[in-house]
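Inside the fold
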Amino acid sequence: MRQPLVAGNWKMNGSRASIEVLLSGLKSGVQAVKVAEVAVCAPAVYLADVQSQLSGTAIAWGGQDLSTEASGAYTGEIAASMLNDFGCKYVIVGHSERRAYHGESDETVAKKYKAARAAGLVPILCVGETLEEREQGITEEVVARQLDAVIELEGVDALADGVVAYEPVWAIGTGKTATPEQAQDVHAFLRSRVAARSEAVAAGLRILYGGSMKPGNAAELLAKADIDGGLIGGASLSSDDFLGICTAANS
Ligand code: PGA
């Protein structure tokens with residue numbers, strides 16, 4: 001049985017003051033979350049605040065990106081060991097915004113997955129097609145290529161240490177959610193692709209959906225057999241909305 005994971009991706013939002021309010025809302029509501037594991041992925045500069053506010057609670061935290069390198073002359077980069085230093089459990093790798101605005105290739109993302117895993121962090125590997133790719137009918141080809149880059153570099157067993165998030169680019173921040181059936185089809189495809197190499201890894205792999213997930217659509221998405229949680233952007237900035245999604249996994 002896979003425990004659902006609902007992870008917030010705050011992206012480049014918030015301030016010390018707003019994060020304190022958000023986290024106190026989450027802390028007071030999290031006991032109603034019976035089933036899902038809950039995590040928030042914060043901007044790196046706020047991780048110390050997040051650590052001090054969430055230590056000893058049921059909420060885990062993580063980073064939004066990391067370097068492929070362990071340390072050294074890489075101005076502006078954040079190493080996996082630094083995320084460890086602030087108690088991170090998770091780190092997002094290969095978010096579509098990193099791929100689009102920072103030119104991260106499948107190979108770079110796979111190296112980030114490797115760096116996270118080597119440091120004992122749980123990478124959340126994002127995959128997903130653009131609208132153009134969906135319309136061309138190449139969704140499976142795109143997500144397969146993104147997934148295979150990690151398998152080729154690290155082997156299929158590496159997926160046992162991570163989480164995959166299917167995030168159709170056209171659904172991110174647009175208010176357009178994939179239908180539960182559209183999402184389930186891609187999740188099932190991803191799982192079958194892993195199963196072709198290892199049934200056991202596929203059976204244990206948590207595949208999250210991301211893209212305009214909200215309290216109002218979470219339950220029907222999470223009810224699908226291969227949707228094991230969510231990676232939540234916009235709705236993770238409100239404690240009520242985020243907790244609404246987390247509790248949708250209860251039923
Ligand atoms: P969204 O973002 O929930 O605002 O669509 C999801 C994500 O980018 O992880």
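These numbers were taken from a predicted model, which means no experiment stands behind them.

Here we have eight strands rolled up into a closed barrel, ordered 1-2-3-4-5-6-7-8, and parallel in their pairing. Strand-to-strand twist across the sheet, computed as the mean angle between neighbouring axes with direction ignored, equals 25°. Relative to strand 4 (residues 90–93), strand 3 (residues 59–63) is paired through two bridges, and the arrangement is parallel. Counted as the bridge partner of Gly 62 is Tyr 90 from strand 4. Along the sheet, helix 7 (residues 139–154) contacts strand 5 (122–127) and strand 6 (163–166); its crossing angle with strand 5, the most-contacted strand, is approximately 155°. Across the face of the sheet, helix 8 (residues 180–195) comes into contact with strand 5, strand 6 and strand 7 (207–210) while running at roughly 150° to strand 7.

With that out of the way, let us pick up helix 7. Side chains of residues three or four places apart in an α-helix project in the same direction, reflecting 3.6 residues per turn. Under the 1.5 Å per step criterion, the end-to-end length of helix 7 is 23 Å for 16 residues, consistent within 8% with the ideal 22 Å. Where the residues of helix 7 are buried, they touch helix 4 (96–101), helix 5 (106–118), strand 5, helix 6 (131–135), strand 6 and helix 8. Positive backbone phi, approximately 85°, marks Gly 155, located one or two places after helix 7.

This paragraph deals with the pattern of salt bridges. Inspection of every chain in the model, using the stated rule, returns 19 salt bridges. Asp 161 is the salt-bridge partner of Arg 117, the closest N and O atoms lying 2.6 Å from each other. Separated by 44 residues along the polypeptide, Arg 117 in helix 5 and Asp 161 in the loop between helix 7 and strand 6 bring together distant segments of the chain. Take Asp 161: its relative accessible area is 37%, and that puts it in the partly exposed class.

Turning next to the site of the ligand. Near the ligand you find 13 residues, and of these Lys 11, His 95, Glu 167, Gly 173 and Ser 212 are the closest. Between an oxygen atom of the ligand and a side-chain N or O atom of Glu 167, the distance comes to 2.6 Å. Between Gly 234 and the ligand, the recorded distance is 2.8 Å, taken from a backbone N or O atom to an oxygen atom. Compared with its free state, where it exposes 280 Å², the ligand has 95% of that area covered by protein.

Below, the discussion takes up unusual backbone geometry. If you check the backbone angles, Lys 11 has positive phi at about 55° while not being a glycine. Along the polypeptide, Lys 11 turns up in the loop between strand 1 (5–9) and helix 1 (16–29). One non-glycine residue with positive phi stands out, namely Ser 212, at about 55°. Positionally, Ser 212 belongs in the loop between strand 7 and helix 10 (215–222). Look at Ser 212 and you get buried, because its relative accessible area is 14%.

Rules of the game
- Residues numbered from 1 in each chain as written.
- Predicted model: local features only at pLDDT ≥ 70, side-chain atom pairs only at ≥ 80, totals over all residues.
- Heavy atoms only, no water.
- Pairing = 2+ DSSP bridges.
- Helix = DSSP H or I, 4+ residues; strand = E, 2+ residues; numbered from the N terminus.
- Axes fitted to C-alpha atoms, helices over the stretch in contact; angles between N-to-C directions.
- Contact = heavy atoms within 4.5 Å.
- Expected span 1.5 Å × (residues − 1).
- Salt bridge = Lys/Arg side-chain N within 4 Å of Asp/Glu carboxyl O.
- Buried < 20%, exposed > 50% of the residue type's maximum accessible area, 1.4 Å probe, protein only.
- Near = heavy atom within 4 Å.
- Polar contact = N/O pair within 3.5 Å; in protein donor to acceptor, adjacent residues only side chain to side chain.
- Areas by Shrake-Rupley, 256 points an atom, 1.4 Å probe, with all protein chains shown as cover.

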